[in-house]
Amino acid sequence: MILLNTWVPEDAANPHMEICHAFVYRWLIGRGRMLAHATSDPMTGPFNGQVMRPILWPNGGQPVRVAGVNRVSAGDIVGFFAANGDLVHSMVAETPTQWVGANNQGCFGTGTGRTTVPNVYGVRPPVLGWLNLNDNTFQTMGGPVTVVYRTP
């Protein structure tokens with residue numbers, strides 16, 4: 001897949017098993033915005049949220065929306081954090097309102113392969129979506145999360 005002019009390799013044998021954090025990590029490395037870390041090989045992992053949180057989010061993140069204003073730009077990475085601080089999902093912003101990721105099922109209901117959500121702010125409950133368009137709280141299948149971004 002080409003994302004913002006950068007090729008992101010994938011495991012062709014298991015395209016629907018890709019972890020969202022691995023996709024974002026591979027894109028950041030391919031884009032030259034991050035060096036590979038000894039704790040996570042760019043092709044084989046591990047990529048779980050506990051491992052990837054300090055790699056993808058070394059300095060935390062900023063709210064994606066403040067007082068109803070979207071703060072995300074193309075090329076930003078977007079993270080979904082549970083109340084206990086666990087990183088549960090990662091994506092890359094293609095545009096301020098169009099984000100791409102792998103395994104978006106639990107947040108956007110779009111399946112397990114790499115998919116683009118074309119209007120992230122159009123996703124509203126009853127099941128999944130923004131609980132309030134004035135802030136950065138999102139309802140996932142696993143419960144509410146806080147959504148932040150950072151510019152790598």
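Residues numbered from 1 in each chain as written. Predicted model: local features only at pLDDT ≥ 70, side-chain atom pairs only at ≥ 80, totals over all residues. Heavy atoms only, no water.

Engineer: Outline the overall build of the chain, listing residues and values.
Structural biologist: On a plain count of helices and strands, the chain comes out with three helices and twelve strands. Over its C-alpha atoms the chain spans a radius of gyration of 14 Å, differing by no more than 12% from the 15 Å that the globule rule assigns to 152 residues. The dimensions of the chain, computed from C-alpha atoms along their principal axes, are 35 × 30 × 30 Å. For the chain, the proportion of contacts with a sequence separation of at least 24, taken over those separated by at least 6, is 48%. Taken together, the 9 basic and 8 acidic charged side chains of the chain have centroids lying 9 Å from each other. (Helix = DSSP H or I, 4+ residues; strand = E, 2+ residues; numbered from the N terminus. Rg over C-alpha atoms; globule rule 2.2 N^0.38 Å. Contact = heavy atoms within 4.5 Å. Lys, Arg positive; Asp, Glu negative; His and termini not counted. Charge placed at Lys NZ, Arg CZ, Asp CG, Glu CD.)

Engineer: Tell me what's going on with the environment of Gly 113, and back it up with residues and numbers.
Structural biologist: Within the secondary structure, Gly 113 sits in the loop between helix H3 (105–108) and strand E9 (114–117). The buried category is assigned to Gly 113, whose relative accessible area is 10%. Between the alpha carbons of Gly 113 and Ala 102 there is a distance of 5.4 Å; along the sequence they are eleven residues apart. Setting aside chain neighbours within four positions, we find Gly 113 in contact with Pro 15, His 16, Gly 101, Ala 102 and Asn 103. (Buried < 20%, exposed > 50% of the residue type's maximum accessible area, 1.4 Å probe, protein only.)

Engineer: Give me the lowdown on the pairing of strand E8 (residues 99–102), citing residues and values where you can.
Structural biologist: Alternating positions in E8 separate into two faces, Trp 99 and Gly 101 on one and Val 100 and Ala 102 on the other, with burial throughout. One ladder, built from two bridges, connects strand E7 (residues 87–93) with E8; its direction is antiparallel. Its bridge partner being in E8, Val 92 is matched across the sheet by Val 100. Linkage of E7 to E8, two consecutive antiparallel strands, is achieved through a turn of five residues. The sheet contact formed by E8 and E9 spans four bridges and is antiparallel. Of the residues in E9, the one forming a bridge with Trp 99 is Val 117. (Pairing = 2+ DSSP bridges.)

Engineer: Give me the lowdown on helix H2 (residues 49–56), citing residues and values where you can.
Structural biologist: Among the residues of H2, those classed as buried are Gly 49, Met 52, Ile 55 and Leu 56. Buried residues along H2 cover an arc of 130° about the axis, so they all sit on one side. Seen from the buried face of H2, the exposed residues on the opposite side, beyond 90 degrees, are Gln 50 and Pro 54. Check the buried side of H2 and you find it contacts helix H1 (20–30), strand E6 (77–81), E7 and strand E12 (143–150). The opening residue of H2, the one whose side-chain oxygen lies 3.1 Å from the backbone nitrogen of Gln 50, is Asn 48. (Arc of directions from axis to C-beta. Polar contact = N/O pair within 3.5 Å; in protein donor to acceptor, adjacent residues only side chain to side chain.)

Engineer: Describe the environment of Gly 30, with residues and values.
Structural biologist: Its location among the elements puts Gly 30 in helix H1. The spacing of Gly 30 and Asn 5 is 25 residues in sequence and 9.9 Å in space, taken between C-alpha atoms.

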